[in-house]
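# Observations on chain architecture
What follows is the residue order along each chain.
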Amino acid sequence: MKVASSFDLDREKCSARGFMTSTTKRKTVGLALSGGGARGFAHVGVVKALTDNGIPIDCVAGTSAGSFVGAAVAAGLSADEIYKFGEGLNWFKISRPPYSMRALLSNAGMKTFIEKHFELGRFEDLKIPFAAVACDLETCSEVVLKDEGDLITAIRASCAIPGVFTPVEDDQGRMLVDGGVVAPMPIDALKQFGPDIIVAVDLMASGNSFISNPRTLVGMLFQSSMVMLRSISRAQHFAADVVIVPQIAHIRLDQMGKMDELYKLGLEAGLAKVPEIQRLLEVHQNALPSV
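This section reports on the structure supplied with the text. (Residues numbered from 1 in each chain as written. Predicted model: local features only at pLDDT ≥ 70, side-chain atom pairs only at ≥ 80, totals over all residues. Heavy atoms only, no water.)

### As for the pairing of strand E2 (residues 29-33)
Selection criterion: For each residue, the accessible area found with a 1.4 Å probe, counting protein chains only, is set against the maximum for its type, and the residue is called buried under 20%, exposed over 50%, and partly exposed in between. The secondary structure listing takes helices from DSSP runs of H or I that are at least 4 residues long and strands from runs of E that are at least 2 residues long, numbered from the N terminus. Strand pairing is defined by DSSP finding a minimum of two bridges between the two strands. With the strands pointing away from the viewer, any crossover whose connection runs clockwise from the first strand over the helix to the second is right-handed.
Summarising burial for E2: five of the five residues are buried, a large majority. Side chains Val-29, Leu-31 and Leu-33 project from E2 onto one buried face, and the interleaved Gly-30 and Ala-32 project onto a second face that is buried too. Alignment of E2 against strand E8 (residues 197-201), held across five bridges, turns out to be parallel. Counted as the bridge partner of Val-29 is Ile-197 from E8. Inspection of the sheet shows E2 paired to strand E3 (residues 59-63) by four bridges, in the parallel sense. Residue pairing in the sheet places Leu-33 in a bridge with Gly-62 of E3. Regarding the hand of the β-α-β motif, the stretch spanning E2, helix H2 (residues 41-52) and E3 is right-handed.

### What to know about helix H4 (residues 79-86)
Here is the rule: In this context, the arc is that of the directions from the helix axis out to the C-beta atoms.
Listing the buried residues of H4 in full gives Ala-79, Ile-82, Phe-85 and Gly-86. Buried residues of H4, seen end-on, are gathered within an arc of 135° and therefore sit on one face of the element.

### Some points on the pattern of salt bridges
What counts, and what does not: Salt bridge criterion: a side-chain nitrogen from Lys or Arg within 4 Å of a carboxyl oxygen from Asp or Glu.
Going through the model one piece at a time under the given rule, you end up with eight salt bridges. The salt bridge involving Arg-26 is made with Asp-58; its shortest N-O contact spans 2.9 Å. In this pair, Arg-26 sits in the loop between helix H1 (11-16) and E2 while Asp-58 sits in the loop between H2 and E3, placing the two residues 32 residues apart along the sequence. With relative accessibility at 30%, the residue Arg-26 sits in the partly exposed group. Assessed through its relative accessible area of 5%, Asp-58 is described here as buried. In this structure, the salt-bridge partner of Lys-48 is Asp-52, at a minimum N-O distance of 3.1 Å. Residue Lys-48 and its partner Asp-52 are located together in helix H2, separated by four residues, close to a single helical turn. The exposure class of Lys-48 is buried, given its relative accessible area of 17%.

### Here's the deal with the environment of Met-256
Position of Met-256 among the secondary structure elements: in the loop between strand E9 (242-244) and helix H10 (259-287). Sequence-wise, Met-256 and Glu-87 are 169 residues apart; in three dimensions their C-alpha atoms are separated by 9.4 Å.

The structure is reproduced here in structure tokens:
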């Protein structure tokens, strides 16, 4: 896998993918999808709101759950298609015994699930540019996986919650874990594609209004880290043109059974921001010189 070493805008590669040329009549839109565990189903609702209202998604970056949804979008799947196969997703399908003392589980089962529903397995084959954010355990640094290499390994690494799932080894021998450790909101990674308008979806910013204590170990681990992740992700809001925050504070990060509600709340939050994004596209288009 190719790792970005800087945050320079990569417009040449964007042009090669066919969505940014010298004669472009509109500005491009990049989508940054935060981490959030089971809350990631809200991302699908946001994607539905944007695409149904003619808002293009020209490139996407995702952390943890955001990498899963982002990769599906980049592979050309519609929100309806993602929602449909998401109905069959649960912790048991993506988890396996760890065969390791470093975590409770392995997310190796995710490989089978993704292969079943994604027709594309490599970055080079994606319809639009995509980046998955992970963390290198040895250096404690952000790793941006993009451009080339195995897509499933990148998604698994970005979703490997420390302590819950075993680290994922990439083709460079690095042990990678959930990107939320260093970048719960992947705006810096998205900037490497050079979009003109950045739309960020933050699944952590709404906070935590649970009325009861978590009843599972996974829930306990998620909840204990939420304050830190929320603070880090909110600090990135200034770098986005539009921030979408679904009102999902009452739903824990381990509640996959809340998929329908999360999807609807994501859809509502996305629809509320559609006029703002459309205005930005219109302003940018009017500012362009005629060709």
